[in-house]
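A look at the structure
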Amino acid sequence: AKLKPPIPGWECPRLARTSAYPWGIKASRARLVAMEGTQEEEGRLQYGSKLELMLTLVGYAVGLGNIWRFPYLTYSYGGGAFLIPYLVALLALGLPLFVLELGLGQMLRQGTMGIWAKLGVPRLRGVGAAATITTFLVSLYYNVILAWTIYYLGRTLGALFSEGTLPWDDQMRGFQCPPSFLAAREEVANSPYIINQATGLYNKSHIQDFWCPETGVPSVSSEIAAGYVRATATPLSCPAVAAVEFWEKQALQQSSGMDDLGGFNGGLLLAYTVAWILVYICIFKGIASSGKVVYVTATLPYVALIAFFVRAITLPNAVSGIKFYLEPDFSLLLDGTVWMRAVTQIFYSLGVGFGSLIAFASYGSKNSDFVCDAVKVSLINCGTSVFAGFVVFPILGYLALELSEINPCINADDLGDLASIGLSGTGLAFIAFPIAISQMPGGFAWAILFFVMLLCLGIDSEFAMVESVMTVLYDAGWGSKMPRPMFAALICVVSYIIGLIFVTRGGIYWFQLFDYYTCVVSMFFVTAIECCGLMWYRRGTWVSFRERVKENTGRGLGCCFMLSWRLVCPLLLAILTVLSLTTWDLMDAANSVPYPEGTGYLPGWSVWLGWLLGMLPILGFVFFLVLKVPQESKDLETSDGFEAEDERRDFVSCSQPPPADNWSKDAMSPPLDAVVLGKGALSPADIDLKIDREVQTDLPPKPTAAKGASTRCPSREKAQQPKVEDIDAVPIFGWLCGIFTKRLNTPGA
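Residues numbered from 1 in each chain as written. Predicted model: local features only at pLDDT ≥ 70, side-chain atom pairs only at ≥ 80, totals over all residues. Heavy atoms only, no water.

The 3 strands lie next to each other as S3-S2-S4, forming an open sheet whose pairing is antiparallel. Two strands close off the open sheet at either side, each with one partner strand: strand S3 (210–211) and strand S4 (228–233). (Pairing = 2+ DSSP bridges. Helix = DSSP H or I, 4+ residues; strand = E, 2+ residues; numbered from the N terminus.)

Take the packing of aromatic side chains next. Taken as a whole and judged by the stated rule, the model has 43 aromatic pairs. Judged by centre distance (5.9 Å) and plane angle (40 degrees), the ring pair of Tyr280 and Phe284 falls under tilted. Classification of Tyr280 by relative accessible area gives partly exposed; the value is 24%. A cation over an aromatic ring shows up here: Arg484 above the ring of Tyr474, its NZ or CZ 4.2 Å from the ring centre. (Phe/Tyr/Trp six-rings, centres within 6.5 Å; stacked < 30°, edge-to-face > 60°. Buried < 20%, exposed > 50% of the residue type's maximum accessible area, 1.4 Å probe, protein only. Lys NZ or Arg CZ within 6 Å of the ring centre and 35° of its normal.)

Moving on, we come to the state of the cysteines. This model, assessed by the stated rule, comprises 2 disulfides. Each sulfur of the disulfide joining Cys212 and Cys409 lies 2.0 Å from the other. Given an S-S torsion of about -90 degrees, the disulfide between Cys212 and Cys409 has left-handed geometry. Taken together, the positions of Cys212 in the loop between S3 and S4 and Cys409 in the loop between helix H14 (370–404) and helix H15 (426–439) put the pair 197 residues apart, joining distant regions of the chain. (Disulfide = S-S within 2.5 Å.)

Note on placement: Met113 falls in the loop between helix H4 (83–108) and helix H5 (114–118). Owing to a relative accessible area of 14%, Met113 belongs among the buried residues under this scheme. Each C-alpha atom, one on Met113 and one on Val127, is 7.0 Å from the other, the two residues being 14 residues apart in sequence. Beyond its immediate sequence surroundings of up to four residues, Met113 is in contact with Arg125, Gly128, Ala129, Val472 and Phe624. (Contact = heavy atoms within 4.5 Å.)

Across a regular strand the side chains alternate sides, sitting on one face of the sheet and then on the other. Alignment of strand S2 (residues 180–185) against S4, held across 6 bridges, turns out to be antiparallel. Within the sheet, the bridge partner assigned to Phe181 lies in S4 and is Thr232. Relative to S3, S2 runs antiparallel, the two sharing 2 bridges. In the sheet register, Ala183 faces S3, and the bridge partner there is Trp211.

Of note, the bond from Tyr595 into Pro596 is cis; its omega dihedral lies within 30 degrees of zero at 15 degrees. Along the chain, Pro596 falls in the loop between helix H21 (559–579) and helix H22 (605–626). The backbone phi angle of Arg109 is positive, close to 60 degrees, even though this residue is not glycine. Along the chain, Arg109 turns up in the loop between H4 and H5. Arg109 sits in the buried class, given a relative accessible area of 0%.

Moving on: the packing of helix H6 (residues 125–160) against helix H18 (residues 507–517). Two numbers describe a pair of packed helices, the interaxial angle and the distance between the axes. Packing of H6 against H18 leaves a shortest axis separation of 10 Å and a crossing angle of 135 degrees. Taken together, the axes of H6 and H18 are oblique relative to one another. Here H6 runs over H18; the crossing is left-handed. Counting all contacts with H6, which are made through Leu137, Tyr141, Val144, Ile145 and Trp148, the residues of H18 involved are Ile508, Phe511, Phe514 and Asp515. Of the residues that constitute the contact of H6 with H18, the class distribution is 8 nonpolar, no polar and 1 charged. (Axes fitted to C-alpha atoms, helices over the stretch in contact; angles between N-to-C directions. Parallel < 35°, antiparallel > 145°, perpendicular 65-115°, else oblique. Left-handed = near helix turned anticlockwise from the far one by under 90°. Nonpolar A, V, L, I, M, F, W, Y, C, P; charged D, E, K, R; others polar.)

Now for the confidence of the model for the protein. Regions with low pLDDT should not have their predicted coordinates read in detail. Looking at the protein, pLDDT values average 78 and 77% of them are 70 or higher. The model gives residues 1–42 a pLDDT under 50, and that stretch makes 134 contacts with residues more than four places away or in other chains. Scored below 50 in pLDDT, residues 635–639 shows 14 contacts in the model against residues more than four places distant or in partner chains. (pLDDT = per-residue confidence, 0-100.)

Below, the structure is given as structure tokens:
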């Protein structure tokens, strides 16, 4: 619209940061070059809908740890009693930190490094660097889990159309059960009836004549109690041995130790390549592609879990598995290790401290209720973990029953005897579950469903981490001039090359090294600094953040969040950070024995290398902390961060105001005849606005100042609105105020 003569005595107010002027202030969106990274900028990708963001958050939070780690921790640390420290950790740390990271990303429209400049504390951008380094390191080895899953899935499909037998089944062609070692009483050791000569299995009527160790089953190296002798038999059925051998000798082709890489594993290398191609397909257009993928990857695991649950509860001995899972042992709650494990599981499960939540929230709606979103995702995540236990342990109960028919030292009612197989992590996913599946009718269908479920769970978390790294680099200007598909390809290729060490024959040891050390300190440290940076570093930052949340979402952040982020979380996180530094040799390298006599040799330098990996994020933080802050970032430190951003972000057009009740003649002043630059004013003839061509075409003709007119826009605190009767008394004309930063008038701005 053409600029009409200004209202005599009227002065355009500054852009309000709150909703004090709902009638007339409207930002010219996505046209200012300096607005890079905010939701108002048209160049920043957006999720197609709120559902895409929620599915992305659920897919990221609900991962492999919900299936293969939480049930194991529950039965290992008190059964049902473990839920007490787990829920306490969720309420005291997990949920508040989840809300904090979603809020920071949503309000500031940047990745985990860029938010600190927006907060007015650019020196803390090293926190984002620490989170990004951690996320990048985790994404390197996490993708190997996808490679293992793809390898198993490929071998399953291949056997379906060729052998007709699952590749880890003890009935697979060419496999022969090795001799098993039992310890029988001397009096009956030579009896022809103690071992069934036809099947090579023990006679269940003589079960009391066998000796068993406290845990697991006897081996060739076991020290047998007095009065018993070693008896050897070659059984016709040995599903546990077959599954372990397939995992170690075919899938991994495991070498003797970390210092023996042994060359590449061909089949695993192919699967690893496919895994990175799938990740690239998910992220090559950023959230424009990953936001659509989650419709499948975030929902399909629940379909598979429900199907497994229905099958699991109908298996023989399922009740024993559920009992073992839930039976509480409250005495373990006095053990500090239990609480530490609960907190660690919450952090890994929700994914706080990695920067991914901040990145995802920055692509969502600025008006979304992120507190409600965080509560929903947290409940879905924790509920999935608990539900997964009701899927896993009935199946393990069935497995214990099947193996009790083969070995007298495995009790069908005690899942602890399965410790030699492994009930956590890779042991559960690639040994215990495949054994149970091989004993089920319709094993191929269940195997395919299981590994597709693992693939969906894993790929959600993997491309979420890679997307987070891309967001940080893109917002920092690294790769911003490249097409996003090309930039995504560059990230994937670099990660692929670095991660090749994980698909060598010694790769399993490097995988464990990264898994043990990468996050040992960083996730506690990063979240602690996030809380301190918002609440303690600069006075007013918290107040400004709270006001912005209120303005955009309508939700107030009350005393509970303030106390949590100011006191509770920093104190607990500081304690956890210190505790995480108390153990030096996390992998027990000093007592490692080369494979196959032991689990694999770990040289002494592996401990130093592990701690170097663990401290890399902290070193990244220190580097940016001491690095000289750019001048443009120093300008932000002159205010609370939000105000400086508002001043440089928006072109403000003051349209015709409708009637309001709180207008006053006292607020009238001469019209504005200049464009305001920061908190001062310059004549239109003197200012050179370095803005893009699109903005210039939107600028109306420059207004001519009335004689003696004031050129100052009052601050939002002093601006008032005229009364309704005053509006009716004079004609209403259009007027325009522009607010920019001083940096727009500097060369190269």
